[in-house]
Amino acid sequence: MRYLITSALPYINGIKHLGNLVGSMLPADVYARFLRQEGEDVLYICATDEHGTPAEIAALEAELDVAEFCTRQYQKQKDIYEQFGLSFDYFGRTSAPENHELTQHFYQQLAEHGFIEEREISQIYSLDDERFLPDRYVTGTCPHCGYEKARGDQCENCTKVLSPTDLIDPKSTISGSTNLEVRSSKHLFLLLDKLSDEVRTWVDAQTHWPKLTTAIANKWLDEGLQSRGITRDLSWGVSVPAEGFEGKVFYVWFDAPIGYVSATKAWGESTGNDWESWWKGEDIHYTQFMAKDNLPFHTIMWPATILGSREPWKMADYIKGFNWLNYYGGKFSTSSKRGVFLDQALDIAPADYWRYMLMASAPESSDSAFTWEQFQNRVNKELADNLGNFVNRILKFTKSKFGLEVPEGGTPGEAEAELETTCKDLVEKLRGHLRQQEFRRATETLNALWTAGNQYIDVRAPWSLFKTNKDEAAVVIRTCINLIRLYAIASAPFIPHAAETLYDALQLTDDERNSTMAAATDLTILAAGRPFAVPAPLFQKLDDDRVAELKAQYGGD
RNA sequence: GGCUCAGUAGCUCAGUGGUAGAGCAGGGGACUCAUAAGCCCUUGGUCACGUGUUCAAAUCACGUCUGAGCCA
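Please read all numbers here as calculations on a predicted model, not as lab measurements.

Rules used in this analysis
- Residues numbered from 1 in each chain as written.
- Chains lettered and ligands numbered in written order.
- Predicted model: local features only at pLDDT ≥ 70, side-chain atom pairs only at ≥ 80, totals over all residues.
- Heavy atoms only, no water.
- Axes fitted to C-alpha atoms, helices over the stretch in contact; angles between N-to-C directions.
- Helix = DSSP H or I, 4+ residues; strand = E, 2+ residues; numbered from the N terminus.
- Parallel < 35°, antiparallel > 145°, perpendicular 65-115°, else oblique.
- Contact = heavy atoms within 4.5 Å.
- Nonpolar A, V, L, I, M, F, W, Y, C, P; charged D, E, K, R; others polar.
- Core = buried A, V, L, I, M, F, W, Y, C linked by side-chain atoms within 4.5 Å.
- Buried < 20%, exposed > 50% of the residue type's maximum accessible area, 1.4 Å probe, protein only.
- Salt bridge = Lys/Arg side-chain N within 4 Å of Asp/Glu carboxyl O.
- Disulfide = S-S within 2.5 Å.
- Near = heavy atom within 4 Å.
- Polar contact = N/O pair within 3.5 Å; in protein donor to acceptor, adjacent residues only side chain to side chain.
- Bend = angle between axes of the 7 residues up to and from the residue.
- Expected span 1.5 Å × (residues − 1).
- Arc of directions from axis to C-beta.
- Pairing = 2+ DSSP bridges.
- UniProt positions renumbered as here; feature names shortened; annotations may be inferred.

## What about the packing of helix α12 (residues 351–360) against helix α13 (residues 372–402)?
And then number 1: At their nearest, the axes of α12 and α13 sit 10 Å apart, and the two run at 105° to each other. Taken together, the axis directions place α12 and α13 in an arrangement best described as roughly perpendicular. Across the interface between the two elements, D352, Y353, W354, Y356, M357 and A360 of α12 pack against W372, Q374, F375, R378, V379, E382 and L383 of α13.
And then number 2: In terms of residue class, the contact of α12 with α13 is built from nine nonpolar, one polar and three charged.

Following this line, the structure appears as structure tokens:
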């Protein structure tokens, strides 16, 4: 079995926030790292989603050509994800040639099998902007309540749904121009209604999906699928290979999921691997990660595209959907700049702190809250006190009493056997949770594993044994140093940078680093006489003053 | 307006028919190797409210209230 993993494609228009990270890329990365460690064949693919009006608008604001804008933003996002330790096998772009080619291919397949229809639709055209405007890019006075900044899709004041032609004194959000007119043009529609039964059959067969995923899929199916436009009058995007559609492109929702396939193709071409077998092989288990707003696209629209293509592309075996991570009661929001963005996060604390904290409070079963106090609490109590301090107390004690080598003498006894049993049980639990992608439970189990070491050392009290029975103390220390290796390996999917620091401190060989966590529960592998170093404390605590400062700076209350 | 989800300990959240749970916070204790960390013990709940189904309800049904979100 090979494991294909994708996380929802981050949109190109700006740096993402913690809410984006926790719901897609981070859990996918933890899962990918875990499976690789288990010796599985893994391919983890992601890409930036680059087409659509918001990208064009953002480029205008930045006074850049849209292609240039996207290239810069792509590089920025890619750098940040690397700093967060996201281990993509390939991080592509939907603007890449492979995606143009495959999008046109999917379209042609759909057209050939009768799932595409041409229709005439009316849209607002801005003469000064020289472009069609999506409904929400037109503002004006609401005919119902008189609110002057009502959007063309809905009035935010009275919540009535509008169409842009309802607005009094409509103008372009982009330029403020009032020089608007209604123009009709031809567009292509994907006949989702004709694919509805096939999609439902597929959804019904997915008995192991999380409740949230199934609920959203069924809701869409029960309401009845409508055909959806897949083209737009824009220049930035994948051109439409059909007569009379010159100058039009595919709508972003159509070409974005194809980015999973096309980025895999780009990976294959750049590494000389057989990319197609990952999408058409029989031995593939495919998992998708995303936040709940993306579930309709991945449970309905994208599967319909694949089914309608009449080609054997791999469909998701498991779709892990996440709820929202809220920031003090409201949503994180890119457009209203609310919450903590990834570049800011890295200025505040190292990546591992965020990785751990976010996975420990991942919004798996319902929306969950981010607060600075909770961040402080998890970092201080769990990372610094439970794990970091354990490493520090062992290595410092060993250095001062025995020197910088694993001490010799004595033989493991009953307490060591008991500890090993506890570790084996907890590691099996942890592996189970990770296999099931239960990330909060996984971090709880990881904490229990760290606690087991603190319990062991407190019961054995090598600081007392050292005075009466040096050999016994040496046994405890050897066991604890092996425990540190187990901790590094078991924690590595969550906190890879800290794990690396521990590998280096223990001066592990490549083989000793690349062990499975199950094999690392043997607490006698690192034998007497091995050298080690004492690293600086693994995690720095956040004090109350710092938290108050962050709350003030980021508006948490 | 329709729909979905949520309401469980001071806080954050687990828990889908069988004696209410975890972490943190609070209280007490023994220890001292360590980033005053760790370990042991412990206080704390009318499971939003009401009615019903059941031998048995946090859990199922209906209704109400509150909050969040989605859709038209």
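Having seen the model, we can carry on.
## Notes on the nonpolar core
And then number 1: Ranked by size, the top nonpolar core spans 171 residues in total, and within it F84, V340, W354, F370, W372 and F375 carry the most contacts.
And then number 2: With twelve residues, the single largest contributor to this core is helix α17 (residues 470–491).
And then number 3: Among all residues touching V340, those that are not within four sequence positions of it are H17, L18, Y327, F332, A345, I348, F370, W372 and Y554.
And then number 4: I124, Y137, C142 and L162 belong to the second-largest nonpolar core, a separate cluster that totals ten residues.

## Examining the pattern of salt bridges
And then number 1: Taken as a whole and assessed by the stated rule, the structure comprises 37 salt bridges.
And then number 2: In this structure, the salt-bridge partner of D283 is R2, at a minimum N-O distance of 2.9 Å. With D283 in the loop between α9 (276–280) and β13 (284–291) and R2 in strand β1 (residues 2–7), this pair connects stretches of sequence that are 281 residues apart.
And then number 3: Assessed through its relative accessible area of 32%, D283 is described here as partly exposed.
And then number 4: A salt bridge links R93 to E50; its shortest N-O distance comes to 2.7 Å. A residue pair is termed long-range when its members are at least 10 positions apart, and R93 in strand β3 (residues 90–93) and E50 in the loop between β2 (41–48) and α2 (53–61) qualify at 43 residues. Take R93 and E50: they sit in the same class, and that class is buried.

## Here's the deal with the packing of helix α14 (residues 414–435) against helix α15 (residues 439–460)
And then number 1: Here α14 crosses α15 at 170°, and the two axes come no closer than 8 Å. Here α15 runs roughly antiparallel to α14, going by the angle between their axes. The residues of α15 that touch α14, namely those facing A415, E416, L419, T422, C423, L426, V427, K429, L430, H433 and L434, are F439, R441, A442, T445, L446, A448, L449, A452, Y456 and R460.

## Comments concerning the state of the cysteines
And then number 1: By the definition in use, this model includes zero disulfides.
And then number 2: The thiol sulfur of C46 is not disulfide-bonded, and the nearest other cysteine sulfur, from C70, lies at 15 Å.
And then number 3: Judged by its relative accessible area of 0%, C46 falls in the buried class.
And then number 4: Lacking any disulfide linkage, C480 is separated from the closest cysteine sulfur, that of C423, by 9.9 Å.

## Thoughts on the protein's contact with RNA strand B
And then number 1: Of all residues adjacent to RNA strand B, which total 31 residues, the nearest are S365, N389, R393, K396 and F539.
And then number 2: Counting only atoms of RNA strand B within 4 Å of the protein, the fraction found in sugar and phosphate groups is 68%.
And then number 3: Taking D385, its main chain carries an N or O atom lying 3.1 Å from a sugar or linking oxygen of RNA strand B.
And then number 4: A distance of 2.7 Å separates a phosphate oxygen of RNA strand B from a polar side-chain atom of Q455.
And then number 5: Mapped onto the surface near RNA strand B, the elements with two or more residues apiece are α6 (211–223), β17 (368–370), α13 and α15.
And then number 6: The leading source of residues in the surface near RNA strand B is α13, at ten residues.
And then number 7: Of the residues in the surface near RNA strand B, the class split is seven nonpolar, eleven polar and 13 charged.

## Focus on helix α1 (residues 18–37)
And then number 1: M25 marks where α1 bends most, by close to 40°; the proline P27 follows one to four residues later.
And then number 2: Taken across its 20 residues, α1 has 17 buried, putting it largely inside the fold.
And then number 3: Phi turns positive, to about 90°, at G39, one or two residues after α1.

## A look at α6
And then number 1: Here α6 contains 13 residues, and its C-alpha end-to-end distance of 18 Å stays within 8% of the 18 Å for a straight helix at 1.5 Å per residue.
And then number 2: Taken as a whole, α6 has its buried residues at T213, I216, A217 and L221. Along the axis of α6, the buried residues cluster in a sector spanning 130°; they form a single face. Away from its buried face by more than 90 degrees, α6 exposes K211, D222 and E223.
And then number 3: Of the residues trailing α6, G224 is marked for its positive phi of about 90°.

## Details of the sheet that holds β17
The strands making up a sheet are joined through hydrogen bonds of the backbone, oriented either antiparallel or parallel.
And then number 1: Read across the open sheet, the three strands follow the order β16-β15-β17; overall the sheet is mixed. Where the open sheet ends on each side, the last strands, each with one partner, are β16 (330–331) and β17.
And then number 2: In the sheet, strand β15 (residues 325–327) pairs with β16 via two bridges, with the strands oriented antiparallel. Bridging across to β16, N326 finds its partner in K331.

## Quick look at the UniProt feature "binding site: Zn(2+)" (unreviewed entry) in chain A
And then number 1: As recorded in UniProt, the feature "binding site: Zn(2+)" (unreviewed entry) lies at C142, C145, C155 and C158.
And then number 2: Assignment of secondary structure puts C142 in the loop between β6 (138–141) and β7 (150–151).
And then number 3: Classification of C142 as buried rests on a relative accessible area of 2%.

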